[in-house]
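Below, each chain spelled out in residue letters.
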Amino acid sequence: MTVQDRATDIAGEFEFLDDWETRYAHIIDLGKANPPLDASERTEQTRVRGCASQVWMVIEEEPGDALKIRAESDAMIVSGLIAILIRLFSGAPREEILAFDAPAFLDEIGVKGTLSAQRSNGLASMLECIRTVAGAGNA
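Residues numbered from 1 in each chain as written. Predicted model: local features only at pLDDT ≥ 70, side-chain atom pairs only at ≥ 80, totals over all residues. Heavy atoms only, no water.

Once that is clear, we can look at the pattern of salt bridges. For the structure shown, the criterion picks out 8 salt bridges. Here Glu13 makes a salt bridge to Arg87, at a shortest N to O gap of 2.6 Å. With Glu13 in helix H1 (residues 3–15) and Arg87 in helix H3 (residues 76–89), this residue pair connects regions lying 74 residues apart in the sequence. By relative accessible area, which is 29% here, Glu13 ends up partly exposed. A residue is classified by how much of its surface remains accessible, and Arg87, at 31% relative accessible area, is partly exposed. Between Arg47 and Glu44 there is a salt bridge whose closest N-O contact spans 3.3 Å. Judged by its relative accessible area of 25%, Arg47 falls in the partly exposed class. On the accessibility criterion, Glu44 (45% relative accessible area) is partly exposed. Among the charged side chains, a network of salt bridges with common partners joins Glu41, Glu60 and Arg70. (Salt bridge = Lys/Arg side-chain N within 4 Å of Asp/Glu carboxyl O. Helix = DSSP H or I, 4+ residues; strand = E, 2+ residues; numbered from the N terminus. Buried < 20%, exposed > 50% of the residue type's maximum accessible area, 1.4 Å probe, protein only.)

With their axes 7 Å apart at the nearest point, helix H2 (residues 20–32) and H3 run at an angle of 75 degrees to one another. Classified by the angle their axes make, H2 and H3 are roughly perpendicular. Touching Tyr24, Ile27, Ile28, Leu30, Gly31 and Lys32 of H2 are Met76, Ile77, Ser79, Gly80, Leu81, Ala83, Ile84 and Arg87, all from H3. Looking at the contact of H2 with H3 residue by residue, the classes come out as 9 nonpolar, 3 polar and 2 charged. (Axes fitted to C-alpha atoms, helices over the stretch in contact; angles between N-to-C directions. Parallel < 35°, antiparallel > 145°, perpendicular 65-115°, else oblique. Contact = heavy atoms within 4.5 Å. Nonpolar A, V, L, I, M, F, W, Y, C, P; charged D, E, K, R; others polar.)

The first and last C-alpha atoms of H1 sit 18 Å apart over 13 residues, in line with the 18 Å expected at 1.5 Å per residue. Buried residues of H1: Val3, Arg6, Ala7, Ile10, Ala11 and Phe14, and no others. Viewed end-on, H1 has its buried residues packed into an arc of 135 degrees, placing them on one side of the element. Turning to H1, the residues buried within the fold contact H2, H3, strand S3 (92–93), helix H4 (94–99) and helix H5 (102–108). (Expected span 1.5 Å × (residues − 1). Arc of directions from axis to C-beta.)

Read from one edge to the other, the open sheet built from 3 strands follows the order S1-S2-S3, with strand pairing classed as antiparallel. If you trace the sheet from one side to the other, it starts and ends with strand S1 (55–62) and S3, each paired once. As paired elements, S1 and strand S2 (residues 66–73) share 8 bridges and run antiparallel to each other. Note on S2: the bridge partner recorded for Glu62 is Ala66. Of the strands in this sheet, S1, S2 and S3 touch H3, which is tilted by about 170 degrees from S2. (Pairing = 2+ DSSP bridges.)

Inspection of the secondary structure puts Ala134 in helix H6 (residues 117–136). When sequence neighbours within four positions are dropped, the list of residues in contact with Ala134 reads Leu67, Arg94, Ile97 and Leu98.

With that settled, consider unusual backbone geometry. Backbone geometry places Asp65, a non-glycine residue, at a positive phi of 65 degrees. Checked against the element boundaries, Asp65 lands in the loop between S1 and S2. Note on Asp65: relative accessible area 42%, which makes it partly exposed.

Given below as structure tokens:
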């Protein structure tokens, strides 16, 4: 499944959520289902800088030039945002990750524009972390 196919599926979920409160609740539910990292993986090397809450992201290479992304946060809404990013990008080839306009997609589904400035900055930092690894050619 391509990143665009995944985005279409996620957008379909959000299409039926009428208001921000319902979307917010859905994002939190997504975050609750996100598996935690091992304690040994929550290090300074895996911490995403620029987030108001604590975020750790582990990005590993998979066959076919794809990246496996796992991440965790100590904040419920951020955990949900992480879950969305993982659904979009984990297992996808680097080229697709780099080509996809995630900020526009998050705006399209009504997530990006309703976040606080701090949460928006954190989301941008998480996206930048994924794009940096995808563009580097090695995790």
